[in-house]
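Chains, contacts and geometry: an overview
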Amino acid sequence: MRKLRIWLFIISLSISSSWIIAQEVTAEESLIEEVIDSVKKREKKPYTIRFGIDLSKPFMAQLNKDYFGLELVGDIRFFSEFYAAVELGNERRTQQSERINFSTSGSYLKIGFDYNLYKNWKGMNNSIYLGMRLGNSFHKQTVNEYEPYELHHYWNTEIIRQGPEIREHDKLQARWIEVVAGLKVKMINNLYMGFSLRLNRLMNDTRPNNFDNLYIPGFNKKTDENVWGAGFNYTITYAIPVKL
Amino acid sequence: MIPRFLIFLIVLIFLSCEKDDICLEGTPGTPRMIVIFKDHQNPQSKKGVTDLLIRGLEKKENLTVYSGDSIAIPLRNNFEFTQYELTLGSSSPTLLSDSLQINHNQFDTYINRACGYKSTFVFEKSYHYLITQGTGWIKSIEKIKDTLSDEKTSHLAIYH
């Protein structure tokens, strides 16, 4: 903290490094305090609203024709280094697991906060943050085809493409908590690039009858043996300063 | 530097192998039909068969040549019937052959991600049909259980 203030002082006065002389320390310190105070008064941060999209999802949709994803992100600084954050997304994905081909589609909403740990210089607005989210998805699962589990292969195992289990399971939900770590860097003007990693813990989900939520929009892959999942996003956001 | 970093990222995202992806050995799959062989003169007691050649109709290879009093026979998935030719005494000069059709339907139950679904067969009301009759060795057939949910109990009895 003190070091930072000293550095701030150096920059604001643009003086050379030979200024610290033992006899003058007390005088210098009082001067620093005065300068910092006046800087603080002037540097009242505006309430910035940032919004944008996750670039990784359209990128992945380009690579994989069985995937579509869109995520809108937004945050607003509400006091000190706390930001309220929200993500709203939609995903459609068809995938082949070991023996089942299925499609998942649905929307999700994540609401939470970020806490910025990065001490910015005056005029900068970058952040390295930790945060939390509550996530909720509204989705449906469709079983397209599957190969029944057979231990004995005297007869050919037929892939089942129609029947009572080839159906859509709708009105499904999942709720989870995310721990977020990420950064946002100001590129030009009010444009920010951001990256975040997320560790998800599933709280509860409505399981489809005679199937499972193998994939949950927003949460990603759900495994059989534990409740943890992971995700990331790569965002580009635009900031609108709001002076109150 | 940038391409190398990108490759690393792509590897991270797309190549992930988990325990989840392997169906554990010992997970019960689709059960076979357990057939026990009984004495038609004394319905209470088992009577084993010797050198019973079992072959699915339209199949070239045999399922097995079996001696004993109970055997597990796989049924055809996603079909409404399974046909087998049962030939007794395949090593003796007099061949006694019977072709048997089992009528069944099925329902499939989800197990987990790696194993997927397993099938459970249910016998139809007219659950069997002897395609060749007369000089065969099978005297009668009895249904023991309607639903083939596991291989722990027998499902069908053949009297001979």
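Parameters and conventions
- Residues numbered from 1 in each chain as written.
- Chains lettered and ligands numbered in written order.
- Predicted model: local features only at pLDDT ≥ 70, side-chain atom pairs only at ≥ 80, totals over all residues.
- Helix = DSSP H or I, 4+ residues; strand = E, 2+ residues; numbered from the N terminus.
- Buried ≥ 20, exposed ≤ 12 C-beta atoms within 10 Å, placed from the backbone.
- Contact = placed C-beta atoms within 7 Å.
- Pairing = 2+ DSSP bridges.
- Axes fitted to C-alpha atoms, helices over the stretch in contact; angles between N-to-C directions.
- Core = buried A, V, L, I, M, F, W, Y, C linked by C-beta atoms within 7 Å.
- pLDDT = per-residue confidence, 0-100.

**Points about the overall build of chain A**
The secondary structure content of chain A amounts to three helices and ten strands. Listed by position from the N terminus, the elements making up chain A come as α-α-β-α-β-β-β-β-β-β-β-β-β. Expressed as a percentage of the 244 residues in chain A, the buried residues total 25%. Partitioning the intrachain contacts of chain A with sequence separation of at least 6 by distance along the chain shows that 64% fall at a separation of at least 24.

**Some points on the overall build of chain B**
When you go through chain B residue by residue, the secondary structure sums to one helix and ten strands. The N-to-C order of helical and strand elements in chain B reads α-β-β-β-β-β-β-β-β-β-β. Counting only residues that meet the buried cut, chain B has 27% of its 160 residues in that class.

**A look at the interface of chain B and chain A**
Opposite the 27 residues of chain B that make contact, chain A presents 25 residues. Where the side of chain B that touches chain A is concerned, the elements lending two or more residues are strand E6 (96–112) and strand E7 (116–130) of chain B. By residue number, the principal contributor to the side of chain B that touches chain A is E6 of chain B, which donates six residues.

**So, the pairing of strand E5 (residues 127–146) of chain A**
All names here are of chain A. Sheet topology places strand E4 (residues 100–116) next to E5; 17 bridges connect them, and they run antiparallel. Across the sheet, the residue bridging to Asn-101 is Glu-145, located in E5. Here 15 bridges tie E5 to strand E6 (residues 168–186), and the two strands are oriented antiparallel to one another. Bridging from a neighbouring strand, Leu-130 pairs with Ala-181 of E6.

**Regarding the sheet that holds strand E2 (residues 49–56) of chain B**
All names here are of chain B. An order of E3-E2-E5-E6-E7-E9 is seen for the six strands of this open sheet, with the pairing classed as antiparallel. The two strands at the open ends of the sheet, each matched to only one other strand, are strand E3 (64–68) and strand E9 (147–148). Here E2 pairs with strand E5 (residues 81–88) via four bridges, running antiparallel. Paired with Leu-53 across the two strands is Thr-87, which belongs to E5.

**Side note on the sheet that holds strand E8 (residues 140–143) of chain B**
Residues and elements named next belong to chain B. The strand order E4-E1-E10-E8 describes an open sheet built from four strands, whose pairing is mixed. What marks the edges here is a single partner per strand, and that holds for strand E4 (70–73) and E8. Each strand axis lies, on average, 25° off the axis of its neighbour in the sheet, ignoring direction. Taken together, the four bridges between strand E1 (residues 33–38) and strand E10 (residues 156–159) define a ladder with parallel strand orientation. Following the sheet pairing, Ile-36 is matched in E10 by Ala-157.

**Thoughts on the nonpolar core**
Residues and elements named next belong to chain B. Residues Met-33, Val-35, Ile-54 and Ile-73 are the most contacted members of the largest nonpolar core, which totals 21 residues. Residue assignment for this core shows that the elements contributing at least two residues are E1, E2, E4, E5, E6 and E10. Here this core gets four residues from one element, more than from any other, and that element is E1. Those residues within four positions of Ile-54 in sequence are excluded, and the remaining contacts are Asn-62, Leu-63, Thr-64, Tyr-66, Ile-73, Tyr-84 and Leu-86.

**Some points on the environment of Thr-235 of chain A**
Residues and elements named next belong to chain A. Within the secondary structure, Thr-235 sits in strand E10 (residues 228–242). For Thr-235, a count of 24 C-beta atoms within 10 Å puts it in the buried group. When the C-alpha positions of Thr-235 and Lys-57 are compared, they lie 9.8 Å apart, and in sequence the two are 178 residues distant.

**Observations concerning the confidence of the model for chain B**
Per-residue confidence for chain B averages 82 on the pLDDT scale, and 82% of its residues sit at or above 70. When mean pLDDT is compared element by element in chain B, E1 of chain B scores highest at 91, while helix H1 (residues 2–14) of chain B scores lowest at 61.

**A closer look at the environment of Ser-126 of chain B**
Residue and element names in this part refer to chain B. By the element assignment, Ser-126 lies in strand E7. Classification of Ser-126 as exposed rests on a count of 8 C-beta atoms within 10 Å. For Ser-126 and Ile-111, which are 15 residues apart along the polypeptide, the C-alpha to C-alpha distance reads 30 Å.

**Points about the environment of Leu-109 of chain A**
Residue and element names in this part refer to chain A. Assignment of secondary structure puts Leu-109 in strand E4. We classify Leu-109 as partly exposed; it has 15 C-beta atoms within 10 Å. Residues contacting Leu-109, with those up to four places away along its chain left out, are Leu-88 and Asn-136.

**So, the confidence of the model for chain A**
Scored by pLDDT, chain A comes out at a mean of 84, with 80% of its residues at no less than 70. Summarising per-element confidence for chain A, the mean pLDDT is lowest in helix H2 (residues 25–42) of chain A (52) and highest in E4 of chain A (96).

**Brief notes about unusual backbone geometry**
Located in the positive-phi region is Asn-210 of chain A, a residue other than glycine, with phi close to 60°. Checked against the element boundaries, Asn-210 of chain A lands in the loop between strand E7 (191–205) and strand E8 (215–216). Classification of Asn-210 of chain A by C-beta neighbours within 10 Å gives partly exposed; the count is 15. A positive phi angle, near 75°, is found at Glu-58 of chain B, a position not held by glycine. By the element assignment, Glu-58 of chain B lies in the loop between E2 and E3. Taking the C-beta count within 10 Å as the criterion, Glu-58 of chain B has 7 such neighbours and is therefore assigned exposed.

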